[in-house]
Amino acid sequence: MKFPGQRKSKHYFPVDRRDPLLSQNAALADRGKAYVVGIDQTLVDIEAHVDRAFLERYGLSCGHSVVISDEVAERVYDELKSNDMVVSEFAGGTIGNTMHNYSVLADSHSILLGVMSQDIRIGSYAYRYLCNTSSRVNLDYLQPVAGPIGRCFTFITEGGERSFGINAGKMDHLDVAHIPEAIIKEASALVITAYLVRGEDGTPMKEAAMAAVRYAREAGVPVVLTLGTRFVIESDPQWWRDFISENVTVLAMNEEEGEALTGFADPLAAADKALDWADMVLCTAGPVGLYMAAYTDDDHKRQTSLPLLPGVIPEFNMYEFSRPMMRRRCRKPLRIYSHIAPYMGGPEKIKNTNGAGDGALSALLHDMVANAYHRSAVPNSAKHMADFLTYSSLAQVCKYANRVSYEVLAQSSPRLSRGLPEKEDSLEEVYWER
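What counts as what
- Residues numbered from 1 in each chain as written.
- Predicted model: local features only at pLDDT ≥ 70, side-chain atom pairs only at ≥ 80, totals over all residues.
- Heavy atoms only, no water.
- Helix = DSSP H or I, 4+ residues; strand = E, 2+ residues; numbered from the N terminus.
- Buried < 20%, exposed > 50% of the residue type's maximum accessible area, 1.4 Å probe, protein only.
- Areas by Shrake-Rupley, 256 points an atom, 1.4 Å probe, with all protein chains shown as cover.
- Salt bridge = Lys/Arg side-chain N within 4 Å of Asp/Glu carboxyl O.
- Pairing = 2+ DSSP bridges.
- Axes fitted to C-alpha atoms, helices over the stretch in contact; angles between N-to-C directions.
- Contact = heavy atoms within 4.5 Å.
- UniProt positions renumbered as here; feature names shortened; annotations may be inferred.
- Parallel < 35°, antiparallel > 145°, perpendicular 65-115°, else oblique.
- Left-handed = near helix turned anticlockwise from the far one by under 90°.
- Nonpolar A, V, L, I, M, F, W, Y, C, P; charged D, E, K, R; others polar.
- pLDDT = per-residue confidence, 0-100.

Asker: How should the overall build of the protein chain be read in this particular structure?
Answerer: Within the protein chain one finds 14 helices and 16 strands. A total of 434 residues make up the protein chain; the buried ones form 55% of that total. Entry remark: accessible area of the protein chain is about 18700 Å², with carbon and sulfur atoms responsible for 48%.

This is the structure:
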């Protein structure tokens, strides 16, 4: 596994220069167990240039999002392909994007749970999904289904106006029988999205997701929830507060979702309030940057050497050099916060906003799993004097998440095509001094 952050530190094990004493440690044989499991509604994002007559022919509304049937989706797709109207086809889904990006960053395996069409022809959307997913993502546990996975069509008409056609296909048909209990209980984290646990009635996805959460909780595996969209949250915010309080360790959201959940428009205030229910919070805030909030034990707090920042919580980043912990693991819990502005002011040209939050979450997961990996390899290390959630400090995780988010914004796809540049092996020496 590649380690995040200061990779030249003494805790990093380059393959070609492993410490000969550490190589004798039997615990190293178990290092492959450090992995993350994600559950997703498998879907493909399809973008195409069409005219208004095309939209009218299929009953689509210009400038709006419309749910379309499997039959209409097939007809639409066949016409788009036969007339070379498709601009791009990318594997999508919040958790699918996150698992892919995690495996690219960590150069380590992850496991994706969901459904996949059992009959796949070359060039089809299901084929595109597999092609656009890192080979490090283990897809062996996907449930085969007789039918299509989800499809999200983006239709671009003259003048750049966008219309959307959404077809769920069989993406919500993951059942409990395809949730591997042993795999989840051995994982370093379980990642889910809000879409799963508030799925449509009559589909088994919600029951499957809740079973996975139960397995994780029984084994003490951190549960990571990404909210997905404010519309799901604002329909019943109290239900979500209760769900997070009972089940979730790490919460990922943007400022709009944070406001829907907490009632606070300010992202720092929203992240602080979310700590009432979760142990750690990641909140992306567009051009404002990225906030993180967590707990640490008062005995392990570390004061920042960076300028103290103003906000709704004065000098909120005072202890951002501390490492996050679960609240129940703290003798005397202390809330810690960090913020970072967009890397290098953000890309000169933003090609795609879809997936920036997923990229940030994948960086956080990388740091969490690296911590679990190192704990199994060197259990007596000073890095594990307490039961920390992450390998790095809150400030360092914040920097890393922000850097990955920038990389996604600067490209067309929500999925990374490569890891961070090799010259950034040490974030402090090269990347942050630019």
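Asker: What is the right way to read the pattern of salt bridges from this model?
Answerer: Once their charged atoms are close, side chains differing in charge can pair, the charge on each being opposite to the other. Throughout the structure, instances matching the rule amount to 18 salt bridges. The salt bridge partner of lysine 273 is aspartate 276, with a shortest N-O separation of 3.0 Å. Taking the relative accessible area as the measure of exposure, lysine 273 reaches 30% and is therefore partly exposed. In this structure, a network of salt bridges that share partners links the residues Asp272, Lys273, Asp276 and Arg335.

Asker: Could you clarify how one ought to interpret the sheet that holds strand β2 (residues 43-49) in this entry?
Answerer: Strand pairing within a sheet occurs via backbone hydrogen bonds; the two strands may be parallel or antiparallel. Across the sheet, which stays open at both edges, the five strands sit in the order β3-β10-β9-β2-β4 with mixed pairing between neighbours. A single partner strand is all that each edge strand has here, and the edge strands are β3 (65-67) and β4 (86-91). With strand direction ignored, the average angle separating the axes of adjacent strands in the sheet is 15°. Sheet analysis places strand β9 (residues 150-156) next to strand β10 (residues 162-167), joined by six bridges and oriented antiparallel. Bridged to threonine 154 within β10 is phenylalanine 164. In this fold helix α2 (residues 70-82) packs onto β2, β4, β9 and β10, with an angle of close to 50° to the strand it touches most, β9.

Asker: Please explain the UniProt feature "binding site: GMP" (unreviewed entry) in the protein chain as it appears in this structure.
Answerer: Under the UniProt annotation, the feature "binding site: GMP" (unreviewed entry) is placed at Asp40, Gln41, Thr42, Leu43, Val44, Asp45, Gly93, Thr94, Ile95, Gly96, Asn97 and Arg198. Positionally, leucine 43 belongs in strand β2. Filtering out sequence-adjacent residues up to four positions away, leucine 43 remains in contact with Ala91, Gly92, Gly93, Tyr129, Ile149, Gly150, Arg151 and Met171. As for its placement among the helices and strands, aspartate 45 is situated in strand β2.

Asker: What should I look at first to understand unusual backbone geometry in this one?
Answerer: With glycine set apart, most residues show a phi of negative sign, and most peptide bonds adopt trans. In this structure, aspartate 107 is a non-glycine residue whose phi angle is positive, near 50°. Position of aspartate 107 among the secondary structure elements: in the loop between α3 (94-106) and β5 (110-113). One non-glycine residue with positive phi stands out, namely glutamate 315, at about 50°. When you line up the elements, glutamate 315 lands in the loop between β15 (290-297) and β16 (333-340). Overall, the relative accessible area of 43% leaves glutamate 315 in the partly exposed class.

Asker: I would appreciate a short explanation of the packing of α3 against helix α12 (residues 356-377) in the present structure.
Answerer: Angle between the axes and distance between the axes are the two parameters that describe a pair of packed helices. Two elements in contact, α3 and α12, have axes separated by 8 Å at closest approach and are oriented at 50°. Taken together, the axes of α3 and α12 lie oblique to each other. Here α3 runs over α12; the crossing is right-handed. Here Thr94, Asn97, Thr98, Met99, Asn101, Tyr102, Leu105 and Ala106 of α3 come into contact with α12, specifically with Asp358, Gly359, Leu361, Ser362, Ala363, Leu365, His366 and Val369. Each residue belonging to the contact of α3 with α12 can be placed in one class, and the counts come to eight nonpolar, seven polar and one charged.

Asker: What is the right way to read the confidence of the model for the protein chain from this model?
Answerer: Caution applies to low-pLDDT parts of the model: their predicted coordinates are not meant to be read in detail. Per-residue pLDDT for the protein chain averages 86, and the proportion of residues at 70 or more is 87%. In the model, residues 6-17 has pLDDT below 50 throughout and makes 26 contacts with residues more than four positions away in sequence or in other chains. In the predicted structure, residues 429-434 sits below a pLDDT of 50 and forms 16 contacts with residues beyond four places in sequence or in another chain.

Asker: How do you make sense of the sheet that holds strand β14 (residues 280-284) when you look at a structure like this?
Answerer: The mixed open sheet is built from nine strands, whose spatial order is β7-β5-β1-β11-β12-β13-β14-β15-β16. Among the strands making up the open sheet, the edge pair consists of β7 (137-138) and β16. Relative to strand β13 (residues 250-254), strand β12 (residues 223-226) runs parallel, the two being bridged by three bridges. By the bridge assignment for β13, valine 224 is matched with valine 250. Sheet strands in contact with helix α10 (residues 255-262) are β13 and β14, and its direction is about 115° off that of β13.

Asker: Would you mind going over the packing of α12 against helix α13 (residues 394-409) with me for this structure?
Answerer: Between α12 and α13, whose axes approach to 7 Å, the crossing angle comes to 140°. The interaxial crossing formed by α12 with α13 has right-handed handedness. Contact with α12, carried on its side by Ala356, Gly359, Ala360, Ser362, Ala363, Leu364, His366 and Asp367, involves Val397, Tyr400, Ala401, Val404, Ser405, Val408 and Leu409 of α13 and no other residues of that element. Taken together, the residues of the contact of α12 with α13 sort by class into ten nonpolar, four polar and one charged.

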